[in-house]
Number of protein chains: 2
Amino acid sequence: MTELDIAEVAQRAGVPASTLRFYEEKGLIASNGRRGLRRQYDAGVLERLALIALGRTAGFSLDEIAQMFVPDGPPRIDRQVLAAKAEELDRSIRELGALRDSLRHAAACSAPSHLECPTFRRLLDGAVSGAVARPAKRAPRSR
Amino acid sequence: MTELDIAEVAQRAGVPASTLRFYEEKGLIASNGRRGLRRQYDAGVLERLALIALGRTAGFSLDEIAQMFVPDGPPRIDRQVLAAKAEELDRSIRELGALRDSLRHAAACSAPSHLECPTFRRLLDGAVSGAVARPAKRAPRSR
DNA sequence: TCTTGACCTCAAGTCGACTTGAAGTCGCAC
DNA sequence: GTGCGACTTCAAGTCGACTTGAGGTCAAGA
């Protein structure tokens, strides 16, 4: 079985080694042993990391993801949970879509101030009631 | 001009008073004076709060929003910035849409383990490369 | 007049996901 | 056998947007 050095895993998975250590501490991944001090990983860790990345993208917290990993055996990913998450995403998507459309309109609108644009105002009135969701927070990953 | 008590503003805007104080400290809003100790607000603050809420939803940070507010005069909301934000939202929306579809599929898929479902695997392979964005973080507001 | 309760200030705490720093240890090339 | 650079640990720091807590003040009702 191929053993990967932490540096290689980091490089292939596109995350810093510190993140791998952090994930290990959280119980999300496990190293296969050490060569000297250095962690060695089984190639399967890459799949796990992909699963973690995917889960994060879908909006699961690291703790939630950790719960899906059962020691030995395939990850227990409840279909209901997936479906619920899909629903949640769907709601966000619709809200964000509406927001995007209004932003586009406001950007193109000829009203002297956005506050005088009816479309923008409608958006604004909606915002008060908290009808819109909190934003798509962008990956702090990209630095 | 109608003067609103902080409690009333909080209630109407749907945010705790502590948030109003915090926003004031950040220079996002201003109170109109005090009655005793208590802040009094001009009714216009509600529009401002709506604008802030909207900005946050669109993914602007409080600092970015603060920059849009010029002392006296309508908020300077650059159309280019709006358009760029719309683009950004659009990208997120497309990515989240793909994710939602795959989650739905995986939820319905008959493969014994998600890892054996081709659609899920495709998703997984995409995730490694960081092709997908970070998630729509839901409002901590809802408690 | 006294009490009450809603506000006030200022500092510190929270949450999640990591990152950073200091000080130490090892494998490997020379 | 020695130097070096990449790893190691552990604690603490960071970021954004607020919240919480302690101790204080004040307007209004009884």
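Residues numbered from 1 in each chain as written. Chains lettered and ligands numbered in written order. Predicted model: local features only at pLDDT ≥ 70, side-chain atom pairs only at ≥ 80, totals over all residues. Heavy atoms only, no water.

**Q** In this structure, what is going on with unusual backbone geometry? I would like to understand it.
**A** Leaving glycine aside, a negative phi is the common case for residues, and trans is the common case for peptide bonds. In this structure, Asp72(B) takes a positive phi of about 55° despite not being glycine. Here Asp72(B) shows up in the loop between α4 (62-68) and α5 (79-108). (Helix = DSSP H or I, 4+ residues; strand = E, 2+ residues; numbered from the N terminus.)

**Q** Which parts of the structure should I look at to understand the packing of aromatic side chains?
**A** Each aromatic ring pair is specified by the distance between its two centres and by the angle formed by the two planes. Residue and element names in this part refer to chain A. Inspection of every chain in the model, using the stated rule, returns 2 aromatic pairs over all chains. Their ring planes at 45° and their centres at 6.2 Å tell us that Phe22 and Tyr23 sit as a pair that is tilted. Just above the ring of Phe69 sits the side chain of Arg48; from NZ or CZ to the centre is 4.0 Å. (Phe/Tyr/Trp six-rings, centres within 6.5 Å; stacked < 30°, edge-to-face > 60°. Lys NZ or Arg CZ within 6 Å of the ring centre and 35° of its normal.)

**Q** Please clarify how the sheet that holds strand β3 (residues 38-42) of chain A should be interpreted in this entry.
**A** Sheet strands pair by backbone hydrogen bonding; their relative direction is either parallel or antiparallel. All names here are of chain A. With respect to topology, 3 strands assemble into an open sheet ordered β1-β3-β2, the strand pairing being antiparallel. Edge positions in the open sheet fall to β1 (3-5) and β2 (33-35), since each of these has one partner strand only. On average, each strand axis in the sheet is tilted by 45° relative to the strand beside it, whichever way the strands run. In this sheet, β3 lies alongside β1 in antiparallel orientation, the contact comprising 3 bridges. Looking across to β3, one finds that Asp5 is bridged to Gln40. (Pairing = 2+ DSSP bridges. Axes fitted to C-alpha atoms, helices over the stretch in contact; angles between N-to-C directions.)

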